[in-house]
Every structure is written in structure tokens, then in C-alpha cells.
Number of protein chains: 2
Amino acid sequence: MPFSHHFCSNTLLSAVQYCSADAHEGMVPVCSNTAFRQTEGAVSNPEKLKNLYELVEPAFKVLDFHHPHQLKEGLEGFSLDLPDQPETLEQLLVDCRDTLKYGVSTGHPRFFNQLSSGLDVIGVAGEWLTSTANTNMFTYEVSPVFLLIEEVLLKKMRSIVGWADDEGDGLFCPGGTISNLYSILLARYHFYPEVKTRGMGALPRLAMFTSEHSHYSVKKSAAVLGIGTENVVVVKCDERGKIIPAALETSIATAKEKGLVPFYVNATAGTTVYGAFDPLNAIADICHSHTLWMHVDAAWGGGLLMSDRHRMKLQGIERACSVTWNPHKMMGVPLQCSAILVKKRGLLQECNKLGAQYLFQMDKPYDVSYDTGDKSIQCGRHVDVFKLWLMWKAKGSDGFGSQVNKCLENAEYLYDQLQKRTEFELVFKNKPEHSNVCFWYIPPSLRSLPPGSDRDRRLHQVAPRIKGRMMEKGSVLIGYQPLGTKVNFFRCVFSNPATQQEDIDFLLDEICKLGADL
Amino acid sequence: MPFSHHFCSNTLLSAVQYCSADAHEGMVPVCSNTAFRQTEGAVSNPEKLKNLYELVEPAFKVLDFHHPHQLKEGLEGFSLDLPDQPETLEQLLVDCRDTLKYGVSTGHPRFFNQLSSGLDVIGVAGEWLTSTANTNMFTYEVSPVFLLIEEVLLKKMRSIVGWADDEGDGLFCPGGTISNLYSILLARYHFYPEVKTRGMGALPRLAMFTSEHSHYSVKKSAAVLGIGTENVVVVKCDERGKIIPAALETSIATAKEKGLVPFYVNATAGTTVYGAFDPLNAIADICHSHTLWMHVDAAWGGGLLMSDRHRMKLQGIERACSVTWNPHKMMGVPLQCSAILVKKRGLLQECNKLGAQYLFQMDKPYDVSYDTGDKSIQCGRHVDVFKLWLMWKAKGSDGFGSQVNKCLENAEYLYDQLQKRTEFELVFKNKPEHSNVCFWYIPPSLRSLPPGSDRDRRLHQVAPRIKGRMMEKGSVLIGYQPLGTKVNFFRCVFSNPATQQEDIDFLLDEICKLGADL
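Residues numbered from 1 in each chain as written. Chains lettered and ligands numbered in written order. Predicted model: local features only at pLDDT ≥ 70, side-chain atom pairs only at ≥ 80, totals over all residues. Heavy atoms only, no water.

Enquirer: Looking at this model, I keep getting lost on the pattern of salt bridges. Mind explaining?
Expert: Side chains that differ in charge, positive against negative, can pair when their charged atoms come close. Within this structure, the stated rule accounts for 54 salt bridges over all chains. Across the pair B:Arg457 and B:Asp454 runs a salt bridge whose closest N-O atoms are separated by 2.8 Å. A residue pair is termed a helical-turn pair when its members lie 3 or 4 positions apart in one helix, as B:Arg457 and B:Asp454 do in helix α14 (residues 453-473) at 3 residues. Of the residues examined, B:Arg457 reaches a relative accessible area of 48% and is grouped as partly exposed. Connected through shared salt-bridge partners, A:Glu141, A:Lys364, A:Asp371 and B:Lys467 make up one network. (Salt bridge = Lys/Arg side-chain N within 4 Å of Asp/Glu carboxyl O. Helix = DSSP H or I, 4+ residues; strand = E, 2+ residues; numbered from the N terminus. Buried < 20%, exposed > 50% of the residue type's maximum accessible area, 1.4 Å probe, protein only.)

Enquirer: Whenever I open this one, the packing of helix α13 (residues 386-420) of chain A against helix α4 (residues 89-101) of chain B confuses me. Can you help?
Expert: A packed helix pair is summarised by two numbers, namely the angle formed by the two axes and the spacing between the axes. Packing of α13(A) against α4(B) leaves a shortest axis separation of 10 Å and a crossing angle of 155 degrees. With respect to their mutual orientation, α13(A) and α4(B) come out roughly antiparallel. Crossing angle aside, the handedness with which α13(A) passes α4(B) is right-handed. On the side of α13(A), the interface is formed by A:Phe386, A:Trp389, A:Leu390, A:Lys393 and A:Ala394, while α4(B) contributes B:Leu92, B:Asp95, B:Cys96 and B:Thr99. In terms of residue class, the contact of α13(A) with α4(B) is built from 6 nonpolar, 1 polar and 2 charged. (Axes fitted to C-alpha atoms, helices over the stretch in contact; angles between N-to-C directions. Parallel < 35°, antiparallel > 145°, perpendicular 65-115°, else oblique. Left-handed = near helix turned anticlockwise from the far one by under 90°. Contact = heavy atoms within 4.5 Å. Nonpolar A, V, L, I, M, F, W, Y, C, P; charged D, E, K, R; others polar.)

Enquirer: Please explain the side chain of B:Thr177 as it appears in this structure.
Expert: Relative to the helices and strands, B:Thr177 is located in helix α7 (residues 176-191). On the basis of relative accessible area, B:Thr177 is assigned to the buried category, the value being 3%. Not counting residues within four places of it along the chain, the set of residues in contact with B:Thr177 comprises A:Ile377, A:Gln378, A:Cys379, B:His215, B:Ser217 and B:Ser221.

Enquirer: Explain the sheet that holds strand β7 (residues 322-325) of chain A to me, please; I cannot follow it from the model alone.
Expert: Adjacent strands of a sheet pair through backbone hydrogen bonds, lying either parallel or antiparallel. Residue and element names in this part refer to chain A. Pairing is mixed in the open sheet, where 7 strands are placed in the order β2-β8-β7-β6-β5-β3-β4. Across the chains shown, the open sheet's two edge strands, defined by having one partner strand only, are β2 (169-173) and β4 (232-235). Neighbour to neighbour, the strand axes of the sheet diverge by 20 degrees on average, direction disregarded. Bridge count for strand β3 (residues 206-211) against strand β5 (residues 261-268) is 4 bridges, and the pairing is parallel. In the sheet register, Met208 faces β5, and the bridge partner there is Tyr264. The strands touched by helix α6 (residues 144-161) are β2, β7 and β8 (338-342); relative to β2, the strand with the most contacts, the crossing angle is about 115 degrees. (Pairing = 2+ DSSP bridges.)

Structure (C-alpha cells):
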């Protein structure tokens, strides 16, 4: 058996064995829901599984923070410099350990800082195999299995979105921003195919629409694509962060009056900060009546499609022309894993193909329709599909569903706790729709202050100061930001199924401890 | 020690131990040049190192080809389908083995099909650690070490290009096409900063220039950016594939006469098929006199900068405004690893920043200039730097130089053999400048035919037919393509330092065997 086969089988086995510890008796797919901690439902005998992280060290830190200048000066012999001559193997091992030591444990059950978190062991094993295979996604000749896996995954994801079997196409992209960029690129080409050869100069002044709570990638893509950020109309949202359909209607009318040509609407299923779901059916109606491309940015919310309990929050997504869905967020797949799904078959290829002869020869000895590399903007494309496929095998669709449910239960638990505890204030009152929970910590000194600009000014400084202390201590990590007129607040998100209620209690207690004197 | 630390130290150790076999006595950095085979100079006692690939199996295949429909139908129980319920661990292991079995061994010393090949064990260990760290490149807060590593690498690469210490910026991007796209995006913004807000509609009709042998990513980017492919002027090359400076001058003049506004020239250092180096100083003179942005696409040729023997082939690169350089090609770093280097500091940030408050808060407790995420088009960005950094530690700059030299010696050896053997014809007579060697195999039935369209027509079918047989047999893999008026020819490229002269002899013998009856 060739080298690489041994390499990877051993890898998977050791990853799994390492992580499943002494729980091997049943030979069940023990790691399907494993992050640092085993979670319920992952195995038939979950009580036999240890908390892996505690197995190794009970009171580990999420991070061991150092300032840039400290790391650059060299800590305990950790040097970032690039030598002319080789270092020894011992030194390389020290370099590896130090890199991890001074990094951040994003798989830690108390890491709440980003939409991507956790560390699924099967996913990691999949990524390791991918690295070992070290190939590119452009042609069937060098990636036969991975290209077929991509096809199978995309087809499955489209069917979950609700498109017919004979509809659709797609690609895995380097992140949600690039997936969103594809959607605009495709929409533009769909309405104005001459843009490919003649450029934007041949087109009328286009307008596109997205909500004030949507991801900044929509504007960024407009800049990149030569549409211009001022031609991105930002539509008002309600208190909960959902786009207001009537405001969208008005924005479209206003743009038309100004002589712009509307062509694209981005709806968000799971906004970055609030986790809000735009009313997709209402937006689809508007897009239909104005003949606009409807894109759904479900980078964060797409995972909810895997859950019978929560998928109704994306009702209407089946009416979209394109969908961004990042399994590396809510589905816990290791970074990076983001898909752009497109309803109109053939459009990706038409829009992007250039037919480079050194890659895409028509006289190859196999069906060259499997050489999908000309569909993409990129030439070489990283293999992001195998880890998702392997996790799907390990969990089944149902496993992903349970994992999503678990994360949303955590969000509800946090929401309940925040309502009960007087030290905290919710940013919006409604029960969370996604796993985002936004709140302020009100330190004792501010509790008796009346609402107003003085309180706001002081409250604005609270979250950054607590965050600073949190980073120094390294016990837990959560993000904060202002939004609109709201001063700095914490945003907690759950995408790591290893997080337990005790971790959430710990987070709140820790914020209170760190902020008590503010 | 936290879980992930154990995880990775063990991983690196086992990768290294596995690959260095019984050669541990000296505890030298045994794997710095390891691919499947150990190469000379990698260790102080190279004679003690076995050929690893042969250790495992002497006559292994490069690939075990099956057509798409065969793999989709399920071979010996290999199913691509995604289940609702979990599979067993045993089945997952079978899935992993089958994925590798039906894939292509791009690290095989007889894989000559792509510019990226080999399998550097330290690089793979670096990628494994990266997967385990599972983080994003946007903020210092979640990627402190990786962001500093990126800074150190980019600074080193810029100094190797020849820029002053206080000059320059850069990013690692998902592949050379995206790096090239950045160069055009930056050039456009540099001359017309209003494009970011107002779009291409506010600009004159731009023109950009690239050679007929350059990579198709230049045209593709022009389509994406809204410039349009017809505004990309394709400049003639000489017989050797180098751009003709006088032709570039003429093309610029012609474009101006037509009312277009030239702004950007792409020069290639190492073309995809011929491995040609454009005359950079002559192009820099032209760009200077017309005030054009000069980009050097050194995705493939950049590696030669690491070699004292070969770096003079890129003379003039220090005059470029931007450079694409893919360590995942000639430097043998696992996919993906591509850098865009920019001379003008601050431009990346200005061009791409949008200042999303949920990521890039200004009131963070550290120096937020290290939050480089707003420089990129992407939001989340994969960590592509650690493996390169670790390999640099393991080899030193000198080790990369030796590796490049070895690959170019292989190309010269192939060139010499082709000149000696009457069954082959070179596509161009000159000694290779890079590791590309282009040639025809002339089967016995064609050897007596006079040059002309009949011979060309038949010769055109030879390479595809041999390639088909080669894939079925799986013994070796090499690419072919037509180019301009030249009918299908083989292109051999060397980027795997594990390839030996016997592998090259094998390639030529195998082509003769497979094509003898054509």
C-alpha cells in the first residue's frame, strides 16, 4: 500500500483513538460530535466518554495573551526569524509547541468569539487526509474523488435548500465573502453577459440592495467588481435586525427614480451580530415583481437547514437564485468550508470560463465535464470538501441536526439566564432565533444611572475593558461591538457543540468578576 | 498541557519519525527535503535514509484511474452517498483508504503533471498543526502567532525580491489567480481611488497588457473586476515565449490611439507552459515611461529567487509595483500558499478596508494595526503561512535554494536526454530557463513523414492517446497541450525534489513503450 495510504489511515486512527480515550469498546463512530469535549448523543455510550479537555488539563486557558511586541522580541527562545541554515528537529518541535501555546484555542468550549469554533475530530482527520493528498480541484485527472465528492455535497445541499433535482450548480469557495462575491458576479452576468468582454463601461449604472445588518462582504464585493460601494443601497431593518420589506420596495423605487438599474438583492439568513433572519418570502415577492436576482447569504444561518426544529426560519430560501452557506460556521466543519449554490445550471461555467488549453483540453480520455476548474474565478482551488463529506458520513444528516439544536439550546439557556440576572441587559428582548445572544453587562457603578448619553458613554467603555482583562486572564473569550446607535455590547455565539451550560454560567460569572469595579 | 498541544507535537513527531524511518541517530532535521523520497543534502547522513516510497511498496502507481461513472456506481463498497445516520468507524476508515486509493499521488516522484507536486513532510506537519489550530487570519486576537508569522514571511519575501526595508506590504491569498487579481485591483485603485465608491462607470475605458504566454488569470480577473476581457491587450512573444518589448510599446500606442487608457502591465517570470521569463528590466523601462503599474506574475518563477545560481533570471523584479509568488509551486510547500507582494505601503488597506465594527474595533486592548483582515477581499482567511514558516525553519533559505537547483538540474538532464534520443523533438531548442521542458514524442509511423499538415494532424493525436494509456496504467503522469500553432506536445515540469534521473529515464522509456504502435 502506498505511503500516503498508511499515513492517513494511521492518522485517522490515532486522531480517533486519541480523542475517544478509553471509550473504544463499542466501536461506534465515537468522534462524530467530538470537539474538545464529547457531547451527548455522539455515541451510544456517552457516559463512558471523558471530557477530553479535562483529561489533559482541567483548568486550561483559552489563550495565553501576549502583545505583538512581546512575541516579536522572542519569548523563552521562541523566535519568528527565518534562518539561512536548517534548525534541528528538537527546535522545530519547540517552534510548534510555542505556536500553539501563544495561539488561541478556538476549539475550547469557552471560546465564544467567532462564528466558527469547535474542533471536530473527524473534521480534523479529514483535513489531515486532504493535506496529505495535496492536490487541486481544477481537473478530474488530479482530483477524481474530491471532484465527485464536491458534486455529491453540492447536490445534497441544493436539495436541502429545496431546489429541484435538475436545477442548480455550485462551488466551494475560500470563505463566505468570496461566495457572496460570486453571487453578485453571476447576477451581473445573468442580466448583462456582455460585461465579461466589455466591462462595466458597457452597462447602465447598476444598483444592488442589502440590509444595514448584512455582512460587509456585499459592499466589499461591489468595490472589487467595479460596481462601487455607493451603488449598494443599504435598507433599513426593524429592531430585531430583519430587513423591512416596505423599506426595500421604497429603496428600489428611489434608485430607479435616480436613474439606477436595480439588479440584485441580498437577503441575510442569520446576520452576523444579531443572528436575524430576513423575511425571505416577502423579499422573494419583491425580487419577482422587479425581476431582480435574489441572493440569500446563509453563511451563518444555513446550518439551521439541517435541523427539523429550526429550518422553517429560512422559509422562502428555495426561491433564491443563489445561496451562500458556510458549513465551517454552524455545522462545525474546520475552516475553510463555504459553498455558493446557484439555481441556474451552466451560469457559473459561462460566466467564468476561459478555456485555458494547458488545463482543460477537450481531447482527454474521460468525460471532461468533470473538469470543473473553469467554473471558478480561481485556477487552483483548495480541497475543502473532504472534511465535510467525512463528517457527514460520521454524523449523518441527523447528527448535524442534533448539533445545531444543541447550539440553539445553549443560546436559549443564555437568554434565560440573562433575563434572570440583574447585572445584565439584553440588546433586544426577543428570544434568539439563531445562536446569537447580545447583551450588556451593567457594572455596579452604572446601575443607578438614568438612561442617557452619560450612561451610554460610560457603558460603551465597559465591554472593551472587560474584554481586555479577559484576554489577559485567558479564561474565556467573547466578542463585543457597537451597532448603529447602540453602544458596545457583548455578542455571544454558539457553534461548538462541546459547550455546556456550566460554560455559559462561567462566562456570566467571569464577566461579573472582571467588571465588578468598573 | 492543553489537548491541542499534545495533539500536534505528537503529530509532528510521528510524521517525522514515520518518514525518517531508521535514520534518527543524528537527530538532524531529517525531513526538510523529504517528499516520498529523501533527497541529497536533506540530512547529514543521506545514505542512511531509505527511499521511503520504496520502503512501503517498490512498484506503486501514481494513480489508479477510474472513470467518473465507475466511481459513482460504487467500487467494492466505496459509496459517495451522504447518509442520514452515522457510519461506523470501520466504514470511515475504509472511506478514507478508498479516497486515497482512487486519488492521484501528487507527491509521487513520477508525477510531472502540475506545477505543484511533491509532499514535504515538514510542510504536511505544518498543515496538520494549522488544521488543529483551526483559526482565521483576520484579527490578532484570534491569530496572534500566525499574523506575526505572515508579517515575517512577507518581509523576508519582499527583501528577497529586492525592495527596501521600509517598503511594501502583502498578503497570502487563495492561489495565484487571486494574487494576480489583487494586483489589478490595487493598480486600478492606485490610479483611480474613486472606483471603490463610484465603480467603473466613473472611469475612462482602461487597458491592460499581458503576453500571449501569460496565465489566463489576468484575463479572468479583468472579467471579474468589470474591466472586460476585450480591454486586456495580448502582446506577442518571441519563439521562446518571452514578451517582445517593442510589441508591448506598439500595443500601448495602439490602445492610446483607440482612446483607451493604459494602466497596467503584467510581466511573467516563469510562464506556465514554456517556463519563460519576460525581460523585466525592458518592461520596467516601458512602464516607467508611460506611468503604468508593473506587476510580475512570478507564481511559478518566484522560487528561483531562492537560488543564487538562478535568481538573475528575474533581474528587474525589484522594479515591479507588485509581485505574485506561490511557494506552493517551486518551493514545494503544500497547497495552498500564494503571496501577493505590494511595493506601496498602505495601499492594500486603503483599497479594501470597510472597517466592519464587529471585527475591527478601534478600542481593543492591543495594537490594532495587527488586525490585518481589512486589507483582504476576504473576511475569514485560511492560515496558509505556518507550513511555509516551518519549512523555512527546517531547510533554511539555503535548503530552498538547493531544492530549486535540484529541480532545474532535472530539467537540464531531461533536455539533454531529449536531444540525444531520436524518438523525441524539442518544442524549442534553447536550454530550459525554468524546470519546464516541452517536447513531442514522434511514433515510428510518423518519423519518415515530411513536415506539414498531415504530419501535424497525426502528431496532434499522439500525446492525448499516450496520456490516456498512461492514466490507465498509472505508472507516470505528465501533461500535454497545444499552444498557438504548435500541435499537442508534452510539458514536463519538476518541482518535487524527490524526483531522480532514473524517474526521468523511466518517463521517456514509458512514453516510447506506450506510443510505439501509434
